[in-house]
Amino acid sequence: MSGRPLWIRKPLGILADDADDGVVVRDGRIEELIPTGGQPSAPDAVAFDASEHVVLPGLINTHHHFYQTLTRATEAALDRPLFGWLTALYPVWARLTPEALDAAATVALAELLLSGCTTTTDHHYVFPPGLDDAIDIEIAAARRLGLRVTVTRGSMNRSQRDGGLPPDTVVQDEDTILADSERLIARYHQSGPDALVRVALAPCSPFSVTTSLMRASAELAARHNVRLHTHLAETADEDRFCQETHGCRPLDYLEQCGWLHDKVWLAHGVHFDAGEMARLAHAGVSVTHCPCSNQILASGHCPVRDLEQAGVRVGLGVDGSASNNASNLMQEVRAAFLLQRGRYGVERVSHRDALRWVTTGSAACIGRPELGVIAPGAQADLALFRLDELRFSGALDPLAALVLCGAHRADRVMVGGNWVVENGAIPNLDLAVLMRRHRIAARSLVD
Ligand SMILES: [Zn+2]
């Protein structure tokens, strides 16, 4: 049965060509773009007055660790680089419970949604005893809030005993990891263009996973046609670890593990050289830029324009809320814009580049070209922002204003044709109750 089309009429601004008078949405997809002075072809279209809204494709977050909302601004981890920060937090994360993860995931998802995000990934790799259902918990939370997710089944099996960084208490064995990965794909993975839940496999990093698990994960992903994700080239420490342990650079190691192909996207990519960028481009590997996390941990600056010039697709990610400390994707767009413009100058980075990274760039990372774009046939995932806050007063170009003046909260968000944020709020979610529950869970982890 077909619903009545909805005309999002005459927006203040829109990130789409030939759609100055809006878009028509029907049955979860974008049916038609309306140029200036045009009318929908469907005579029964219901109009939504968007004259106070700037319309973007729903933003896509391609790297996160939801559970880390429980350890924001944690004293023991302040002012440390990645390895010191991780070793301070591993013992805290080892106490994670199902209830705490549910609160953490709900907070992260709500924060993302209210910032205009319609599709997110999550990389969960901490499975202490009793938390076997971590990914199931995250999927249930995403379904309640209505976002699309690509949950990546993370893993760690190289602990300090085997020369890795994490303590023995937070790792699992390879058989357990692979069996759970296969269970999750069978139970949840949807392959169609309207998929709300997808599953990918994500061994955590070269310094927390064995070569055997890297290879086995790649084989399992290929067998089930799902994507692969991991952290790579994030810090100089990681580079040193790979040289000492494997006698090569992180990308060489990745290639030896069978990971250099177009089903792979990598978080960070800060420390690639020109030759490595060409290899990534040739293989079709894409990269997630996480500007806030990279700056807070002082990991370095991802060379986004050089990667793109080499032919690598680049998306954006907020990264975990223990390093970023926030989960606001629209703020991440501004952070990426500022960092990259500072690096490359005004001629090579505009606000439109930053918006492209978080939409079509991120869609490429997760292999979903039907998302991140306002075009006929694309999924009807939209983020609508108002410009009536003090910070926008006097702004003229609506799209530039979102990035330059620092938009951080969407007024309305649509996923698959359904409104999941209305008037700046998530229907049926009491934020005060959620924050109380989340605060108690965060305290109990550190106490
Ligand atoms: Zn990360």
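Residues numbered from 1 in each chain as written. Predicted model: local features only at pLDDT ≥ 70, side-chain atom pairs only at ≥ 80, totals over all residues. Heavy atoms only, no water.

Visitor: How would you summarise the nonpolar core if you had to cite specific residues and measurements?
Guide: Counting residues in hydrophobic clusters, the biggest one holds 124 residues, and the most contacted among them are Trp93 and Phe272. The contacts of Phe272, once residues within four sequence positions are left out, are Leu232, Ala233, Arg249, Leu251, Leu266, Met277, Leu280, Val287 and Leu307. Judged by nonpolar contacts, the second largest core, of 17 residues, contains Ala16, Ile30, Ile374 and Met414. (Core = buried A, V, L, I, M, F, W, Y, C linked by side-chain atoms within 4.5 Å. Buried < 20%, exposed > 50% of the residue type's maximum accessible area, 1.4 Å probe, protein only. Contact = heavy atoms within 4.5 Å.)

Visitor: I'd like a rundown of the coordination of the zinc ion, residues and numbers included.
Guide: Each protein donor to the zinc ion is listed here as His63 (NE2), His65 (NE2), His231 (NE2) and Asp319 (OD); together their distances run 2.1 to 2.4 Å. Bound by four donor atoms, the zinc ion shows angles of 89 to 173° at the metal and therefore irregular coordination geometry. Taken in sequence order, the residues that donate to the zinc ion follow the motif H-x1-H-x165-H-x87-D. (Donors = N, O, S within 2.8 Å, 3.2 Å for Na, K, Ca; no water. Tetrahedral: all angles 85-135°; square planar, octahedral: opposite > 155°, others 65-115°.)

Visitor: An account of the pattern of salt bridges is needed here, citing residue identities and associated values.
Guide: Applying the stated rule across the entire model yields 25 salt bridges. The partner of Arg148 in a salt bridge is Asp381, with the nearest N and O atoms 2.6 Å apart. Here the residue Arg148 occupies a position in strand E9 (residues 148-155), and Asp381 occupies one in the loop between helix H12 (351-365) and strand E15 (382-386), the gap between them amounting to 233 residues. Asp381 matches Arg148 in its accessibility class, with the two residues each being buried. Note that Arg356 is salt-bridged to Asp353, the shortest N-O span being 2.5 Å. Of this pair, Arg356 and Asp353 are both found in helix H12, three residues apart, which corresponds to roughly one turn of the helix. In this structure, a network of salt bridges that share partners links the residues Asp136, Arg153, Asp180, Arg183 and Arg187. (Salt bridge = Lys/Arg side-chain N within 4 Å of Asp/Glu carboxyl O. Helix = DSSP H or I, 4+ residues; strand = E, 2+ residues; numbered from the N terminus.)

Visitor: I'd like a description of the packing of aromatic side chains, backed by residues and values.
Guide: Within this structure, the stated rule accounts for seven aromatic pairs. Between Tyr67 and Trp93 the ring centres are 5.1 Å apart and the planes differ by 90°, which places this aromatic pair in the edge-to-face class. Linking Tyr67 in the loop between strand E7 (59-61) and helix H1 (82-93) with Trp93 in helix H1, this pair joins segments that are 26 residues apart in sequence. Residue Tyr67 is classed as buried on the basis of its relative accessible area, which comes to 1%. (Phe/Tyr/Trp six-rings, centres within 6.5 Å; stacked < 30°, edge-to-face > 60°.)

Visitor: Describe the packing of helix H2 (residues 98-114) against helix H14 (residues 431-446), and please don't skip the residues or the numbers.
Guide: Helix packing for two helices is described by the angle between their axes and how far apart those axes are. Packing of H2 against H14 leaves a shortest axis separation of 9 Å and a crossing angle of 135°. Relative to H14, the element H2 lies oblique. Seen from above, H2 lies across H14 with left-handed handedness. Side by side, H2 and H14 meet where Glu99, Ala100, Asp102, Ala103, Ala104, Thr106, Val107, Ala110 and Leu114 of the first sit next to Leu431, Leu434, Arg437, His438 and Ala441 of the second. (Axes fitted to C-alpha atoms, helices over the stretch in contact; angles between N-to-C directions. Parallel < 35°, antiparallel > 145°, perpendicular 65-115°, else oblique. Left-handed = near helix turned anticlockwise from the far one by under 90°.)

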